[in-house]
Amino acid sequence: MGPVSETPAAQSGQRPRGAAYDSVFLRAARNEPVPHTPVWFMRQAGRSLPEYLKVREGIPMLDACMRPDLVKEITLQPVRRHGVDAAIFFSDIVVPLKAAGIDVEIKGGVGPVIADPIRTRADLRRLRPLEPGDMPYITEAVGLLVAELGATPLIGFAGAPFTLASYLVEGGPSRSYENTKAMMYGEPELWADLVARLARITSTFLKIQIEAGASAVQLFDSWAGALAPEEYRRSVLPASTEVFDAVAPYGVPRIHFGVNTGELLGLMGQAGADIVGVDWRVPLDEAARRVGPGKGLQGNLDPAVLYAPTHVVEAKAREVLDAAKALGGSHHIFNLGHGVMPTMDPDALTRLTAFVHEASAR
Ligand code: CP3
């Protein structure tokens, strides 16, 4: 098999229309009329579900990501249970880094931990390019899933260059990103090289998922909110733009999301997203002003609202739906403003899914 980018599908931009083409999720993503607002939840597969904890017992996170049968089962669990309008591929943003030669582990309750952080030009040599054949387990898992999901779309995803760089440079999760920013400000050429390499790895990871059948993609720049807009524009936007450009020929909807990115929403749209994910800090009408015309919005219920009584959850969800409705059109996908939390009551998510469908019926 040659490089993914040279396949006829990528060159022509014409992919066969999958069974999910006319799903509510993909219609809304294209701003076509829908019978109701589609809904899915970031981190819908995971520790909030007892059936997830059961199948993951004794299996390290990254091992689980390399077992197609398990990936298929875990991805399907929230679709079966909640009746959400899309599945999100069960994997992690650091899986392609591992495939590209980085010694990384995911520690429970902590997150990704990198054995030897990348801080120097010499360190950077350890980050080799990702070849399409490096991830046969991803191709296999996506294929199994798409066959099983039928008319329900599968969202592929990847971490954006800045967020991946923050883990590689810090060596793990961080609050202040001091080492990452020290490289960005102090060694701009090394930084540019790092994020350019990450852009190519991320593009390849997304292409692998799309070519195997994913019908939309979400690029997570979860921690980009740590940056001022001008710094984002100078040091991050070019690399994220490269990723969106690389997958543009496939014609699948591209979503871009980060936390605390209120000041960056316009720039994140400019990077090439068709739909911008919004956390709960910015109301959707204001987000629409910042993002500008022609792009959809995804979000943005505060996840912590799910811990309040049902009538409160429904009132707050209705506020989100009303704000989206006031914008006109169908270009809204309901989601939380960030991921499902492990201690959340899964029944509250099932109820919320049904509520969004009913309250938005048209
Ligand atoms: O349902 C889904 O959303 C699909 C699966 C998914 C996971 N990680 C599974 C996972 C997705 C889309 C991700 C993306 C991801 N991973 C992001 C971007 C999304 C975001 O939350 O902003 C980030 C920043 C990571 C890095 C990462 N991986 C973190 C911060 C953690 C949590 C650490 C912890 O224990 O609290 C992980 C581990 C991880 N990724 C888990 C899951 C289900 C939990 C691990 C476990 O179950 O043992």
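In what follows, the accompanying structure is described. The structure displayed is predicted, hence computed values, not measured ones.

What to know about the sheet that holds strand β1 (residues 87-88)
Turning to step 1, where the next piece is worked out: Strand order in the open sheet formed by 7 strands is β1-β4-β5-β6-β7-β8-β9, and the pairing between neighbours is parallel. Whereas interior strands pair on both sides, the edge strands pair on one side only; in this sheet they are β1 and β9 (332-336).
Turning to step 2, where the next piece is worked out: Bridge count for strand β8 (residues 296-301) against β9 is 5 bridges, and the pairing is parallel. When the sheet's bridge partners are listed, L301 is paired in β9 with L336.

Thoughts on unusual backbone geometry
Turning to step 1, where the next piece is worked out: Look at the link from G299 to N300: it is a cis peptide, with omega at -10 degrees.
Turning to step 2, where the next piece is worked out: Inspection of the secondary structure assignment puts N300 in strand β8.
Turning to step 3, where the next piece is worked out: Although it is not a glycine, N31 adopts a positive phi angle of roughly 60 degrees.
Turning to step 4, where the next piece is worked out: With respect to the helices and strands, the residue N31 is situated in the loop between α2 (24-29) and α3 (50-56).
Turning to step 5, where the next piece is worked out: With a relative accessible area of 38%, N31 lands in the partly exposed category.
Turning to step 6, where the next piece is worked out: Positive phi, close to 55 degrees, is recorded for Y177, a residue that is not glycine.
Turning to step 7, where the next piece is worked out: The topology assignment puts Y177 in the loop between α9 (161-170) and α10 (178-186).

Focus: the pairing of strand β3 (residues 111-114)
Turning to step 1, where the next piece is worked out: Where strand β2 (residues 104-107) lies against β3, 4 bridges are found, and the strand directions are antiparallel. The partner of K107 across the bridge, within β3, is G111.

With respect to the pattern of salt bridges
Turning to step 1, where the next piece is worked out: According to the stated counting rule, one finds 18 salt bridges in the structure shown.
Turning to step 2, where the next piece is worked out: Across the pair R126 and D123 runs a salt bridge, and its minimum N-O distance is 3.4 Å.
Turning to step 3, where the next piece is worked out: Residues joined by salt bridges that share partners form a network here, namely D22, R27, R30 and E32.

A closer look at the site of the ligand
Turning to step 1, where the next piece is worked out: As a matter of local geometry, the ligand sits amid 27 residues, with R43, Y52, D92, G109 and S222 nearest to it.
Turning to step 2, where the next piece is worked out: The backbone of A45 places a nitrogen or oxygen atom 2.9 Å from an oxygen atom of the ligand.
Turning to step 3, where the next piece is worked out: One of the side-chain nitrogen or oxygen atoms of R56 is found 3.1 Å away from an oxygen atom of the ligand.
Turning to step 4, where the next piece is worked out: Taking a 2 Å distance to the grid points as the criterion, the majority of the atoms of the ligand fall inside the largest pocket.
Turning to step 5, where the next piece is worked out: Among the secondary structure elements, those contributing two or more residues to the shell around the ligand are α3 and β3.

Topic: empty space enclosed by the protein
Turning to step 1, where the next piece is worked out: Tallied over the entire structure, the rule returns 1 cavity of 30 Å³ or more.
Turning to step 2, where the next piece is worked out: Each pocket or cavity is described by its volume, and for the largest cavity that value is around 40 Å³.
Turning to step 3, where the next piece is worked out: Around the largest cavity, the lining residues are T310, V313, E314, A348, R351 and L352.
Turning to step 4, where the next piece is worked out: Secondary structure elements with two or more residues in the lining of the largest cavity: α16 (310-326) and α17 (346-359).
Turning to step 5, where the next piece is worked out: Considered class by class, the residues forming the lining of the largest cavity number 3 nonpolar, 1 polar and 2 charged.

Remarks on the layout of surface pockets
Turning to step 1, where the next piece is worked out: Of the pockets and cavities examined, the largest pocket occupies roughly 1200 Å³.
Turning to step 2, where the next piece is worked out: Forming the boundary of the largest pocket are 38 residues, of which R43, R47, D92, H338 and V340 lie nearest the centre.
Turning to step 3, where the next piece is worked out: Put simply, the parts of the chain that give the lining of the largest pocket at least two residues each are α3, β2 and β3.
Turning to step 4, where the next piece is worked out: Take the lining of the largest pocket: its biggest share by element is 3 residues, from α3.
Turning to step 5, where the next piece is worked out: Here the lining of the largest pocket is built from residues that sort into 24 nonpolar, 9 polar and 5 charged.

Some remarks on the packing of helix α11 (residues 188-212) against helix α13 (residues 237-247)
Turning to step 1, where the next piece is worked out: Here α11 crosses α13 at 25 degrees, and the two axes come no closer than 9 Å. The angle between α11 and α13 falls in the class roughly parallel. When the axes of α11 and α13 are compared, the crossing they make is right-handed. Along its contact with α11, which presents V195, A196, A199, R200, T202, S203, L206, K207 and I210, the element α13 presents A239, E242, V243, A246 and V247.
Turning to step 2, where the next piece is worked out: When its residues are assigned to classes, the contact of α11 with α13 shows 9 nonpolar, 2 polar and 3 charged.

Remarks on the environment of G277
Turning to step 1, where the next piece is worked out: By the secondary structure assignment, G277 is in strand β7 (residues 275-277).
Turning to step 2, where the next piece is worked out: Through-space distance from the C-alpha of G277 to that of V79 is 21 Å; in sequence the pair is 198 residues apart.
Turning to step 3, where the next piece is worked out: Beyond its immediate chain neighbours, meaning those up to four positions away, G277 contacts I255, H256, F257, L265 and Q298.

Focus on the side chain of T37
Turning to step 1, where the next piece is worked out: As for its placement among the helices and strands, T37 is situated in the loop between α2 and α3.
Turning to step 2, where the next piece is worked out: Using a relative accessible area of 5% as the deciding quantity, one classes T37 as buried.
Turning to step 3, where the next piece is worked out: Side-chain polar atoms of T37 contact the side chain of R362, separated by 3.2 Å.
Turning to step 4, where the next piece is worked out: Contacts of T37, omitting those with residues within four sequence positions, involve D85, L321, H332, F334, V356, H357, S360 and R362.

What counts and how
Residues numbered from 1 in each chain as written. Predicted model: local features only at pLDDT ≥ 70, side-chain atom pairs only at ≥ 80, totals over all residues. Heavy atoms only, no water. Pairing = 2+ DSSP bridges. Helix = DSSP H or I, 4+ residues; strand = E, 2+ residues; numbered from the N terminus. Buried < 20%, exposed > 50% of the residue type's maximum accessible area, 1.4 Å probe, protein only. Salt bridge = Lys/Arg side-chain N within 4 Å of Asp/Glu carboxyl O. Near = heavy atom within 4 Å. Polar contact = N/O pair within 3.5 Å; in protein donor to acceptor, adjacent residues only side chain to side chain. 1 Å grid on protein atoms, 1.4 Å probe; cavity = no way out; pocket = protein on both sides within 12 Å on 5 of 7 lines; lining within 4 Å. Sits in = over half its atoms within 2 Å of the grid points. Points joined across faces, edges and corners; volume = space filled by probe spheres on them. Nonpolar A, V, L, I, M, F, W, Y, C, P; charged D, E, K, R; others polar. Axes fitted to C-alpha atoms, helices over the stretch in contact; angles between N-to-C directions. Parallel < 35°, antiparallel > 145°, perpendicular 65-115°, else oblique. Left-handed = near helix turned anticlockwise from the far one by under 90°. Contact = heavy atoms within 4.5 Å.

None of the figures reported here should be taken as evidence of function without further support.
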